[in-house]
Amino acid sequence: MYSKSCSLLLTLTSAVILLAGCMKDKCTTHYTYQIYEPVYLDYAQLRQPVASEAPRALKHPGKIYILGGFLFINEVNEGVHVIDNSNPAAPVNKAFISIPGNVDIAVRSNILYADSYVDLVAVDITNPENVAEIKRLENIFPQRIADLGYYYADSEKGVITGWRLTDKTQVIDIPCGQEAQPYYYYWGGLPEIDFAGPVLAGNTQAPSITNATINVGQGGSMARFAIVSDYLYVIDNSDMQLISIANPDNPVIWTKINIGFNIETIFPYKDKLFIGSTTGMYIYDNSNPSQPTQISTFSHVTSCDPVVADDRYAYVTLRSGTPCQGFTNQLEVIDISNPYNPQLVKTYAMYNPHGIGIDRGKLFICDGQAGLKIYDASDVSTIDQHLLLHNGNIHAYDVIPVATSNVLILIGQDGLYQYDYSDVRAIRLLSHIPVN
């Protein structure tokens, strides 16, 4: 009797000890995921003086700008190609100006203004093959904010030049017997670059004009930089910043005007500014260039939105896709004869329209992969019935119609094209600088 009880007690005790030992075992599982991590450029490297380099081939062309016999082509985030375009049929690649983080440009006389991530640089381009940085305004452009899920970039480490997809593995302790298979997942997507920054106090007196002769160039419809009189206008996601360039080689911060949200493009026309956003068009009275004043807003569905205008109408292209998050692809014609009360006249379906240009009733539309389309817009109610030319062999991004020479400058995915449009029904290719 006693021995049997003892034997049972020992058996139960052994089972408890064995179970306790198992529960104390440390079992682990591995979770692997991917995350985008920022790639930084430190400020010391960013602020090396801007300099000329030997001409480069186009790789990732962006914004375009013309002044006199010169054509300037942005190489996205790298700098500016300087092209001698005195003969559009035979353009000559003269030099490359290395400007880290450059996206937008504008030129007055012999001074090129360019963004360089958070800074504005003023560059003397009198000799494009030997340029000189003459002024840098540091941190006046907003830092590029990139928030991906729960991961934040640290602006103190420098400016963000890109994002690197990185594998991360986490080892997690779990109870024995509950091991999971290795779990692999993808966290988040590449963030869109956005802009935000400190509000600058406005000055109270406009600087006097120091240059009687103002030689200002022309940008395309996708531009975020524009020059009017003694001011460089720069738009970001929500604001329009004014830089005084009364003394062109000494740009000075003037003021900042809040506009709204998701601001994209700026187009100056006579005494007005037309500003495109993902949700509408803003019209500003610019009769006093030091103090633009909003006079009206025209709202539309959410889409990317460049805008151009003439005396009677504004033309807006809306397109779907990143970063605009819209699903509309169309041309809108807006009556601005009363700029205080713009009215929609007509809407036309498009494929995926980007940049746009207007010259003497001729409407030039870069319809993305669908190519270049030229319409007679004399009757805005029947534009779709008057297609003058359709070149579907190019992926078109933006255009500048140069009225004085009847030369159309077009930038696209595979390079720069120039056309003679003296006769738009028989438009003639003058030259092509390909992407290498």
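Going by the structure above, here's the rest.
Rules of the game
- Residues numbered from 1 in each chain as written.
- Predicted model: local features only at pLDDT ≥ 70, side-chain atom pairs only at ≥ 80, totals over all residues.
- Heavy atoms only, no water.
- Helix = DSSP H or I, 4+ residues; strand = E, 2+ residues; numbered from the N terminus.
- Buried < 20%, exposed > 50% of the residue type's maximum accessible area, 1.4 Å probe, protein only.
- Contact = heavy atoms within 4.5 Å.
- Core = buried A, V, L, I, M, F, W, Y, C linked by side-chain atoms within 4.5 Å.
- 1 Å grid on protein atoms, 1.4 Å probe; cavity = no way out; pocket = protein on both sides within 12 Å on 5 of 7 lines; lining within 4 Å.
- Points joined across faces, edges and corners; volume = space filled by probe spheres on them.
- Nonpolar A, V, L, I, M, F, W, Y, C, P; charged D, E, K, R; others polar.
- Salt bridge = Lys/Arg side-chain N within 4 Å of Asp/Glu carboxyl O.
- Phe/Tyr/Trp six-rings, centres within 6.5 Å; stacked < 30°, edge-to-face > 60°.
- Pairing = 2+ DSSP bridges.
- Axes fitted to C-alpha atoms, helices over the stretch in contact; angles between N-to-C directions.

1. Remarks on the overall build of the protein
A count of helical and extended segments in the protein gives two helices and 37 strands. Considering the protein as a whole, with its 436 residues, one finds that 50% of them fall into the buried category. Within the protein, contacts between residues separated by at least 24 positions form 51% of all contacts whose residues are at least 6 apart in sequence.

2. Describing the nonpolar core
Nonpolar side chains in soluble globular proteins generally cluster together in the buried interior. In this structure, Phe72, Leu112, Leu120 and Leu232 are the most contacted members of the largest nonpolar core, which totals 30 residues. Contributing elements (two or more residues each) for this core: strand E3 (61–67), strand E5 (79–84), strand E7 (105–108), strand E8 (111–116), strand E9 (119–124), strand E18 (225–228) and strand E19 (231–235). Apart from the residues lying within four places of it in its own chain, the contact partners of Leu232 are Ala106, Tyr113, Leu120, Phe225, Ala226, Ile227, Gln241, Leu242, Ile243 and Ile245. With 28 residues, the next largest nonpolar core counts Phe267, Tyr315, Ile356 and Ile383 among its residues.

3. Observations concerning empty space enclosed by the protein
Using the criterion set out here, one finds one cavity of 30 Å³ or more in the structure. A volume near 40 Å³ is recorded for the largest cavity. Residues belonging to the lining of the largest cavity are distributed by class as follows: four nonpolar, two polar and three charged.

4. Examining the pattern of salt bridges
Under the counting rule described, the total for this entry stands at 16 salt bridges. With a shortest N-O distance of 3.8 Å, Glu129 and Lys94 are connected by a salt bridge. Residue Glu129 is found in the loop between E9 and strand E10 (132–137), and its partner Lys94 is found in strand E6 (residues 92–98); the two are separated by 35 residues along the sequence. Residue Asp119 is joined to Arg136 by a salt bridge in which the shortest nitrogen-to-oxygen separation is 3.0 Å. Here Asp119 is found in strand E9, whereas its partner Arg136 is found in strand E10, with 17 residues between them in sequence. Accessibility classification places Asp119 together with Arg136 in one group, the buried group. Taken together, the shared-partner salt bridges connect Arg47, Asp119, Glu133, Arg136 and Glu138 into one network.

5. Considering the layout of surface pockets
Over the atoms, a rolling probe the size of a water molecule traces out where space has been left empty. Estimated volume of the second largest pocket: approximately 610 Å³. Taken together, 31 residues make up the lining of the second largest pocket; nearest its centre are Gln218, Gly219, Phe267, Pro268 and Pro401. Secondary structure elements with two or more residues in the lining of the second largest pocket: strand E17 (218–219), E18, strand E22 (263–269), strand E26 (307–309), strand E30 (356–359) and strand E34 (396–402). Along the lines of polarity and charge, the residues of the lining of the second largest pocket split into 19 nonpolar, eight polar and four charged.

6. Looking at the packing of aromatic side chains
Scanning the model with the defined rule gives six aromatic pairs in all. On the basis of an interplanar angle of 55° and a centroid distance of 5.9 Å, the ring pair of Tyr231 and Trp254 is categorised as tilted. Of this pair, Tyr231 sits in strand E19 while Trp254 sits in strand E21 (residues 252–258), and the two are 23 residues apart along the sequence. Both residues of the pair, Tyr231 and Trp254, count as buried.

7. Some details on the side chain of Asn329
As for its placement among the helices and strands, Asn329 is situated in the loop between strand E27 (313–318) and strand E28 (330–335). For Asn329, the residues in contact, after removing those within four places along its chain, are Leu318, Arg319, Ser320, Tyr348, Ala349, Met350, Tyr351, Asn352 and Pro353.

8. Examining the sheet that holds E34
Strand order across the open sheet formed by four strands is E34-E35-E36-E37, with antiparallel pairing between neighbours. Where the open sheet ends on each side, the last strands, each with one partner, are E34 and strand E37 (428–434). Between one strand and the next, the sheet's axes are offset by a mean angle of 15°, whatever the strand orientation. Direction of pairing for E34 relative to strand E35 (residues 407–412): antiparallel, over a ladder of six bridges. Following the sheet pairing, Val402 is matched in E35 by Val407.

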